[in-house]
Amino acid sequence: MVYPQSLPTNVTPLDTKIRDRIKADGPLTVSKFMEIALGDPDHGYYRTRDPLGEAGDFVTSPEISQVFGEIIGLWCAVTWQNAGSPENIHLVELGPGRGTLMADILRTARNAMPAFAESLDVHLVETGAVLRQQQRRALKSHNVDWHDGFEAIPSGPVLVIANEFFDALPIDQYVMTEEGWRENQIVLSEGHDNLIFAPGEQNVRNKAVIPPELGSPAINSIFERSSAGEQIAGDIAKRITTDGGAALIIDYGHVRHGLGDTLQAVRSHKYHDALATIGEADLTAHVDFAALKDAAEASDAMVHGPIFQGEFLTALGIEQRTAALTAKATLDQAEMLKNASRRLIAADGMGTLFKALAITSATDSTPAGFESNEGGGAL
Ligand code: SAH
């Protein structure tokens, strides 16, 4: 089975690089393809631009409303307090975009719990130079350390925040064929030089990559797995069990391992061919929260949720906070604030597609917002 794709009209440096590489070394895995498209040091999507906002390619929750970051700031403050108010804590954000979420968190921390604001130092994990520059501007009154990966965060307790970070990490795809599971690859079509997806020749040798509960699904079913995501979730969990702290992961995705091709390219707020104008469109995949949970639990950490983003924000008072802000706002601003909050929590907005998952050490109490889910809760 081959999925035809059209040849792009304007060829980017990464289109050429990927074609040349396939000609020299053979088929590319989907994860390698995403790694190059998003992370190539010279031309990778996230390395070369600020993709956020109306003029960019997509919009995220912190850019929709300040209330999102304020609620997460409160969550951080309460979680710090429940952890015994450690004198020093690393507040770490993975993939901080424009720095908007961190700025909202820090403002809220200062207002709501000054002792927490005093105890934290800010660490941002970001690989893009343009976005680092934006973050520097957004956080100019703060001391900030930048890192290329979570493993570089100095030892000590951590509060880790990641909004729409895990969906940007490379995934691999496996396709069910007549002959069993095969890895989905990117190849050049015969005689044409078009980039296309095609299942590899080899059966997936390591059966452990496919969760047994998927059984033998229909031909052409696709299973996706992010080794990079699992690795980072495992590293965070390990750090939390040894040094203390907690993590909050918010993203769109599914609660259980599932089937389906969720690799998606977006450019200027529109869906785009994943194999066209490589490096100039955002590439994401739905997050498999079950896989992150397994990875964190393998490091003896405690996982809470996932729960719906709408449920999480509502439990932490998004409606009350919105009402307080609208009371002081003009009619137009009030309308905007209300619409933004509704979009974040509504089922036909981002309320149920997006999920929240927390990681703590096994001895810590349930983090704020996750109480209703403990003991075999909703999802
Ligand atoms: N959290 C922000 C931005 C989400 S976009 C928000 O909610 O607005 C994804 C972010 O992750 C960007 O900042 C991007 O540069 C960063 N990113 C993507 N892949 C990364 C990687 N492998 N390592 C570090 N940061 C990465």
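Note that the structure is a prediction, hence the values are computed from the model and not measured.

Conventions used here
Residues numbered from 1 in each chain as written. Predicted model: local features only at pLDDT ≥ 70, side-chain atom pairs only at ≥ 80, totals over all residues. Heavy atoms only, no water. Helix = DSSP H or I, 4+ residues; strand = E, 2+ residues; numbered from the N terminus. Rg over C-alpha atoms; globule rule 2.2 N^0.38 Å. Buried < 20%, exposed > 50% of the residue type's maximum accessible area, 1.4 Å probe, protein only. Contact = heavy atoms within 4.5 Å. Phe/Tyr/Trp six-rings, centres within 6.5 Å; stacked < 30°, edge-to-face > 60°. Pairing = 2+ DSSP bridges. Axes fitted to C-alpha atoms, helices over the stretch in contact; angles between N-to-C directions. Right-handed = clockwise from strand over helix to strand, strands pointing away.

Moving on: the overall build of the protein. Tallying secondary structure elements over the protein gives 12 helices and 16 strands in all. The C-alpha atoms of the protein give 21 Å as radius of gyration, which agrees with the globular expectation for 379 residues (21 Å, within 12%). The buried share of the protein, reckoned over its 379 residues, is 55%. A fraction of 75% describes how many contacts in the protein between residues 6 or more apart in sequence connect residues 24 or more apart.

Let's shift gears to the packing of aromatic side chains. One pass over the structure, following the stated rule, counts five aromatic pairs. Between the aromatic rings of Phe165 and Phe166, the centroid separation amounts to 5.4 Å while the plane-to-plane angle is 85°, which identifies the pairing as edge-to-face. On the basis of relative accessible area, Phe165 is assigned to the buried category, the value being 13%. Here the aromatic rings of Phe312 and Phe370 are separated by 5.4 Å at their centres, their planes lie at 45°, and the arrangement is tilted. Linking Phe312 in helix H10 (residues 309–315) with Phe370 in the segment after strand E16 (354–361), this pair joins segments that are 58 residues apart in sequence.

A few words on unusual backbone geometry. Leaving glycine out, the prevailing phi sign among residues is negative, and the prevailing peptide bond configuration is trans. Pro306 follows Gly305 through a cis peptide bond whose omega is 5°. With respect to the helices and strands, the residue Pro306 is situated in strand E15 (residues 301–308). A positive phi angle, close to 45°, is found at Ser85, a residue other than glycine. By the element assignment, Ser85 lies in the loop between helix H4 (66–82) and strand E2 (89–94). The exposure class of Ser85 is partly exposed, given its relative accessible area of 31%. Within the chain, Asp300 stands out as a residue other than glycine whose phi angle is a positive 65°. Judged by its relative accessible area of 61%, Asp300 falls in the exposed class.

This brings us to the sheet that holds strand E13 (residues 282–284). Strand pairing in a sheet relies on backbone hydrogen bonds, with the paired strands running either antiparallel or parallel. Pairing in this open sheet of three strands is antiparallel, and the strands run E12-E11-E13 from one edge to the other. The strands lining the two open edges of the sheet, one partner per strand, are strand E12 (270–272) and E13. Sheet twist, expressed as the average angle between the axes of neighbouring strands with direction ignored, equals 40°. Pairing analysis gives three bridges linking strand E11 (residues 264–267) to E13, with the strands arranged antiparallel. Bridge assignment links Gln264 to a residue of E13, and that residue is Thr284.

Right, let's get into the pairing of strand E3 (residues 120–125). Across the six residues of E3, five count as buried, placing the element largely inside the fold. Sheet topology places E2 next to E3; six bridges connect them, and they run parallel. Each residue of the ladder has a partner; that of His90, found in E3, is Asp121. Two strands pair when backbone bridges link them, and E3 and strand E4 (residues 144–147) are joined in this way by four bridges, in the parallel orientation. Across the sheet, residue His123 finds its bridge partner in E4, namely Asp145. Following the backbone out of E3, through helix H7 (residues 129–138) and into the adjacent parallel E4, one traces a crossover that is right-handed.

Of all 10 residues in helix H2 (residues 30–39), seven are buried; the element is thus mostly enclosed. Those residues of H2 lying buried are Val30, Ser31, Phe33, Met34, Ile36, Ala37 and Leu38. In this fold, the buried residues of H2 make contact with helix H1 (13–25), strand E1 (28–29), strand E6 (172–177), strand E7 (180–188), strand E8 (195–203) and E13.

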